[in-house]
Structure formats: structure tokens, C-alpha cells
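These are the residues of each chain, in order.
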Amino acid sequence: MTALREIVPSWDDAPSGPDAGPRHVLRREYFGALVYDRETCQYVPYDVEATELLLARARGPRAPADATEAAFLETLVREEVLDARGELRARVVADRSATGRLSAPLTVYVGATQGCNLACSHCSSGSSPGPLGALDEGLLRRLFGELHEVGCQQVHVTGGEPLLHPGLFPALDEAFRLGLNVLLTTNGTLITEDLADALSARPFRCVSVSFDGPDPASHDLVRGPGAFVRALEGLERLAARRPVGVTATFTSALSGGALSGKLEKLVRLCEEKGASSLSLRPALPAGRARLEDLPGQSEFEEATRELDRLQESARIPLFHPPDVPHSATSALVLERFGCVAGNLVCSVTPSGQVSPCSLLGPSFDAGSLRERSFHDLWARGSSFERLRAVEGNADCWSCRHYDHCGGGCRARALAATGDLSAPDPWCKWEPHPSLVGDPGLAGFDADARRRLLVLP
């Protein structure tokens, strides 16, 4: 919680509108329910028995049935899911649960604009100066209303460059009024004193500025001349007013940083300029970024090990993805092959198309918000159904990490092999314990191995 408090504003100080409701939101799912905590920005899963107990508490307090139930209820009171009388303090959304999938995503990534004032070489959306292609403000407001209705409480606004959107703040004010947690990522170069005031006046749960190197030579290598200086000015303006993180995409600008010291310089720069955190992420093959031009898995893992070493002396939290996807979180609540795309998250493009993941490209657009509701596209969109139906491969089924990983990034697998069901080339394959010491199993076909391991 300490690190979280350093990144996001205090919940107690965050303004909320009349429709924002209580701190927690409960939505039914096939396994029971998810309860979202708007303070910690976390979804917590509950099984059917616990869910029924929670919903019974919505009808008023009653005496616990036994000591186990009493202890469980005491925990919920401490977490403020229940009030002191034992009554549920959560907004309960209408039941849209469905077998084998979530009723709604955990997070929606919204591309506010297609256009950008930069043309970064690793841009996954292929954005550049030119037509703005902004998502219609009215459509954006309607989207926020629908997300509130289905209990998707987290929205991550990206671009292009979202701060170019002429109606961004009025639309986001609707999201804040409804109590959605909004995160925003910007390249920082447009943050004037007035924009810094506008950003700090609103209860964003996180605002991050993109830096891909600790100096002009590295940062401008991928973002263009002058980008570093302008982004640094924007970061300082915003950091003087509110917590702001830095997001670094691992490209050629930082490649080899663990040996050259570039990563350490970036950490020190963040500390010096007032950033509240640094998050390192790999570049992914989409837009202008081609797989063959990006740093490989071993280079990224070297950088993450260096980041862990730097954390020992850093004054701010440093983040990076785990080597095995989802191994550090309980958020993966679906037992099937696949990554978060279309299962836990989805994307909305600047044209209003809804997609399981923008990294998969326009061929995976499921349809337009102008023609169908968000929930209809999430539940029945053809590309969502296609992605959820992918069965995977023998390598993934036979890996000890499958229950956490689910097969890894589908966009990276598709870019590397052209096969949506192929292993992620960045996988950390290790044999499932049932396979260790039995070389005869290596000859089993995929179906036999899957049945043997009793995996989905």
C-alpha cells in the first residue's frame, strides 16, 4: 500500500460525483463475483459461497452462522466492504454473468486520438502528426456510462497523444463523476502550465509520462529531435502539482542499459525531477514496431534484473513485468488458453472500434460503438469469440507455468509465427511436474497430453 500511495493521490482527497457510489463495486461472475476496490484499484474474486454471503448482507445485517463466517465478515468490515453493522457497502451491478468468461473486462484501454505530435519508431499504434482522428466526445461519454453500468471500473486513456483531444477533459469529467478510476499516459511534450493545472485538478488515479532514455541522445533516438527536453519540462510541471509516474518502453534507446548505465541514469533522472515511480515495459510488435527490430527477451530480462538491483537504493518504486506473466497477481481468473486480451482487458480505437487488444491489429476489430453497445461487443463480438476459442498448443499445456501464464502474449506469438495459437516466443517453458522423469510422454500427441494433465 505504501508504494501505491506514492503513485496515486490519496483516496480521501479524491473528489467524486453524486453517481460515483461507494468505494466498492460488486459484479456477479460465473465463479462467484468480483469486488472492485476503488481505493486500491484492485479486483478481488470471491467464490459462489462468499458471493451469496455478500449479497445477503446487501439485504441487511444478520448474525454469522459460525466462527469461520464471523472471521470472514470481520475481515470485510476492516476492508470497508461491509459497514460496522455488517451491511454491504458496495454498488451491485446487474447480473450479466456468463459461463467461461467475465461479464465485463477489468480494464479498457481507450485510444483517444490516432494523431500525435511525435512519430516514435516503436509506436504500437503507428501514430504520427497529421489527421487527429479523435474519438468523438459524445461516444466517449457514452462509453464511460456503459462501463459504469457493467462494472468495469478502470479506464486507461492513451493515443496517439491523448492531450491533443479537444474534448478530452469534458469527457473525462463524466468518467470521474461516475466514479471510474482513470489512468492516462502522455508523451509529456504538450504539458504547459495550464495543462498541468487541468491535469492536477482532476482525480486521475495515475498519470504517467513516457521516457525511453535518460538523455536527448537516447530518448530522441526513438521520439525525434527535441522530444526529451519538452517531455522533461512537462514532467517537472506536473510533478510540482501531483504524483506522476514515468513509463519507459525498452527499445534500442535503452537496450544494453544494464551494462552502459543508461537504466541507472534514467532512475536517477526520475528521482531528481520528481517522478513518483518508474515502470519498464517491453516494446511489442505492432504499428511501426517490428519484432525483428526490437530488443529480445534476454536483453529485457537483463534490464529487469538491473532494475531490481537499482531498487535497493532507489527512492521511488521501480516496476517491471514478471518473467512469467501473471505470476505475481491473482487477477487472472479465467482457466483457459490465452493472454489478457479479450479475457481481462480490451481496447477501444479512436474510430470507436472495440477490439480484444489493439496490438492484434484492425483485423480483430469486433465492431463499432456507433452501431452496438459495448457489452454486446465484449460478450458476442466475433473477434472476441475467435480469441476465446483458441485452444493453444502442446508446449503451453505441458508447461508448469500454464496456470499463471495461459500461453503468453498472443500479439507477439502472432507476429512471430502467424499462428494465434502458437507459443509466445518470450515464454519461460518448464515441464509440468507430471512430465518430469518420464521421457515416454514426449511422444504423446497434443490431445493426449492435455487429457493427461487435466488442463483446460
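The model shown is predicted, which means the values in this text are computed figures rather than measured ones. (Residues numbered from 1 in each chain as written. Predicted model: local features only at pLDDT ≥ 70, side-chain atom pairs only at ≥ 80, totals over all residues. Heavy atoms only, no water.)

(A) The arrangement of the pattern of salt bridges in detail. Using the criterion set out here, one finds 30 salt bridges in the structure. The shortest N-O distance in the salt bridge between Glu193 and Arg237 comes to 3.4 Å. You can see Glu193 sitting in helix 6 (residues 193-200) and its partner Arg237 sitting in helix 8 (residues 227-239), a full 44 residues away along the chain. Overall, the relative accessible area of 41% leaves Glu193 in the partly exposed class. Arg372 is the salt-bridge partner of Asp376, the closest N and O atoms lying 2.8 Å from each other. For Asp376, a relative accessible area of 18% puts it in the buried group. Residue classification places Arg372 among the partly exposed positions, given a relative accessible area of 28%. Through salt bridges with shared partners, one network takes in Glu264, Arg268, Glu271, Glu306, Arg309 and Arg315. (Salt bridge = Lys/Arg side-chain N within 4 Å of Asp/Glu carboxyl O. Helix = DSSP H or I, 4+ residues; strand = E, 2+ residues; numbered from the N terminus. Buried < 20%, exposed > 50% of the residue type's maximum accessible area, 1.4 Å probe, protein only.)

(B) Inspection of the sheet that holds strand 11 (residues 318-319) at higher detail. Pairing is mixed in the open sheet, where 10 strands are placed in the order 11-10-9-8-7-6-5-12-13-14. Strands at the two margins of the open sheet, each flanked by one partner only, are strand 11 and strand 14 (367-368). The sheet contact formed by strand 12 (residues 345-348) and strand 13 (residues 353-355) spans two bridges and is antiparallel. Directly across from Val348, in strand 13, lies its bridge partner Val354. Its contacts with the sheet put helix 11 (residues 297-311) on strand 9 (245-250), strand 10 (277-282) and strand 11, and the angle it makes with strand 10 is roughly 165°. (Pairing = 2+ DSSP bridges. Contact = heavy atoms within 4.5 Å. Axes fitted to C-alpha atoms, helices over the stretch in contact; angles between N-to-C directions.)

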